[in-house]
Structures are given as C-alpha cells and as structure tokens.
Amino acid sequence: EVCVWMEAALSRRPRLVNDMEAYLARAGRSDKAVRRKESFLRAFWSREGEDAGRAYSAAVSFLMLERVRSEFAEQHPSILQLPKPGDGRASSVPMAPREQRIWLRSRLDPLLRESMRKAPPAVRALHPDSREYVHAIVRMTERALRKGSGSSATVGPT
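Residues numbered from 1 in each chain as written. Predicted model: local features only at pLDDT ≥ 70, side-chain atom pairs only at ≥ 80, totals over all residues. Heavy atoms only, no water.

**A closer look at the packing of helix H1 (residues 2-11) against helix H3 (residues 37-47)**
And step 1. At a closest axis distance of 9 Å, the pairing of H1 and H3 adopts a crossing angle of 105 degrees. With respect to their mutual orientation, H1 and H3 come out roughly perpendicular. The residues of H3 that touch H1, namely those facing Val2, Cys3, Met6, Glu7 and Leu10, are Lys37, Glu38, Leu41, Arg42, Phe44 and Trp45. (Axes fitted to C-alpha atoms, helices over the stretch in contact; angles between N-to-C directions. Helix = DSSP H or I, 4+ residues; strand = E, 2+ residues; numbered from the N terminus. Parallel < 35°, antiparallel > 145°, perpendicular 65-115°, else oblique. Contact = heavy atoms within 4.5 Å.)

Okay, structure coming up:
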C-alpha cells in the first residue's frame, strides 16, 4: 500500500512527521479537513495521479511550506493583525486562526515558494529540515517583502 510506503519514507525525516502531526491536530480546521495520517497521504496520492514519487514530493513540499510559513508568522506576528474598525489610533486586533491561514497562504506562500526556488547554493546545501535552512528562507522572504514594498514597513493585511 502506497500510504505505508509514504509514511515509512517520511519517518526517516522525524521533523516532517512532527509537522504532519501538528498540521493534522491544529485547531480551527474545517469539518471537511483531513484528520488522519493515512487520509493526508492518500490525498496527495490521489492529487498526484497515483504516482508514489510525486505524491511523496508534494507532501514534503506542502509540509515544508507549512513549516516556513509558520516560522515567518512567528517571527512577524504583526502581519497577522487587523486594524481596529473605527479606531483612529494605531491599534489592531489579531485575525482569527482560519483568516490567518487564508491570508498567509494567499499573500505569503508565493514569496516563500520563490525564496525556496531561488535559494542560493549555500542555502540549498543546508538540510531542509534544519533550522538554519528555515531561517535562511525566512530572511530571503523578508528581503523580498522589503524590496517589493520599497521599505521595511508593515507587510500585514490591508
């Protein structure tokens, strides 16, 4: 069974297994969300045309993106703040968890993917499960955001 093979392959990367378990256990997910490892892996198997290698690669890419996105949001909590309605002061309120994920996936994921794709050889030489790799991708994304906005000002929702 392909799910057994994929799970065995992932087990050689314990940090990815932890990422997958955290993803599956995360609060605030929709009722339709996948909740078990087997269902998670089967979803990639189906999406990738029942090609085990592509399904494994897609699952790994998804989990890596989840990890880098989470690290970025942790280092930059202000991006997950919304201005208080009707408040002229510079105050804000946190987005709901589901809104956070939607916003981050739509606005931040393209930049994270580009940073991972365009990482220089020194970064690509790092093991993708290392904190150093994740921090390097976060720093590259920060630079891309500053370059794109023309300043290091807020990168949060508008």
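That was the structure; now back to the text.
**Re helix H2 (residues 14-25)**
And step 1. In this model H2 runs 16 Å from its N-terminal to its C-terminal C-alpha over twelve residues, within 8% of the 16 Å that 1.5 Å per residue would give.
And step 2. Buried within H2 are the following residues: Leu16, Val17, Asp19, Met20, Tyr23 and Leu24. End-on view of H2: buried residues confined to an arc of 160 degrees, all on one side of the axis. In this structure, H2 carries Pro14 and Ala25 as exposed residues pointing more than 90 degrees from its buried face. (Expected span 1.5 Å × (residues − 1). Buried < 20%, exposed > 50% of the residue type's maximum accessible area, 1.4 Å probe, protein only. Arc of directions from axis to C-beta.)

**Some words on the packing of aromatic side chains**
And step 1. Tallied over the entire structure, the rule returns six aromatic pairs.
And step 2. A connected cluster of aromatic rings, assembled from ring pairs, spans Tyr23, Phe40, Phe44 and Phe62. (Phe/Tyr/Trp six-rings, centres within 6.5 Å; stacked < 30°, edge-to-face > 60°.)

**Some points on H1**
And step 1. Among all positions in H1, only Val2, Cys3, Met6, Ala9 and Leu10 are buried. Taken end-on, H1 shows its buried residues confined to a sector of 125 degrees, consistent with a single buried face.

**Here we look at unusual backbone geometry**
And step 1. Even without being a glycine, glutamate 50 presents a positive backbone phi close to 60 degrees.
And step 2. Relative accessible area serves as the criterion here: at 54%, glutamate 50 is assigned to the exposed category.

**Some points on the nonpolar core**
And step 1. Grouped together as the largest cluster of nonpolar side chains are 42 residues, with contacts concentrated most on Leu10, Phe40 and Ile137.
And step 2. Only H1, H2, H3, helix H4 (52-75), helix H5 (97-117) and helix H7 (131-149) provide two or more residues apiece to this core.
And step 3. Counting residues per element, this core draws most heavily on H4, which supplies eleven residues.
And step 4. Once residues within four sequence positions are removed from consideration, phenylalanine 40 is found in contact with Met20, Tyr23, Leu24, Val34, Ala59, Phe62 and Leu63. (Core = buried A, V, L, I, M, F, W, Y, C linked by side-chain atoms within 4.5 Å.)

**Section: the pattern of salt bridges**
And step 1. Summed over all chains, the structure comprises 15 salt bridges.
And step 2. A salt bridge links arginine 26 to glutamate 66, with the nearest nitrogen and oxygen atoms 3.2 Å apart. Within this pair, whereas arginine 26 is found in the loop between H2 and H3, its partner glutamate 66 is found in helix H4, the two being separated by 40 residues in sequence.
And step 3. The class for glutamate 66 is buried, based on a relative accessible area of 11%.
And step 4. The salt bridge partner of glutamate 48 is arginine 47, with a shortest N-O separation of 3.4 Å.
And step 5. With relative accessibility at 15%, the residue glutamate 48 sits in the buried group.
And step 6. Relative accessible area serves as the criterion here: at 55%, arginine 47 is assigned to the exposed category.
And step 7. Three or more residues are tied together by salt bridges with common partners; here these are Arg26, Glu66, Arg69, Arg105 and Asp109. (Salt bridge = Lys/Arg side-chain N within 4 Å of Asp/Glu carboxyl O.)

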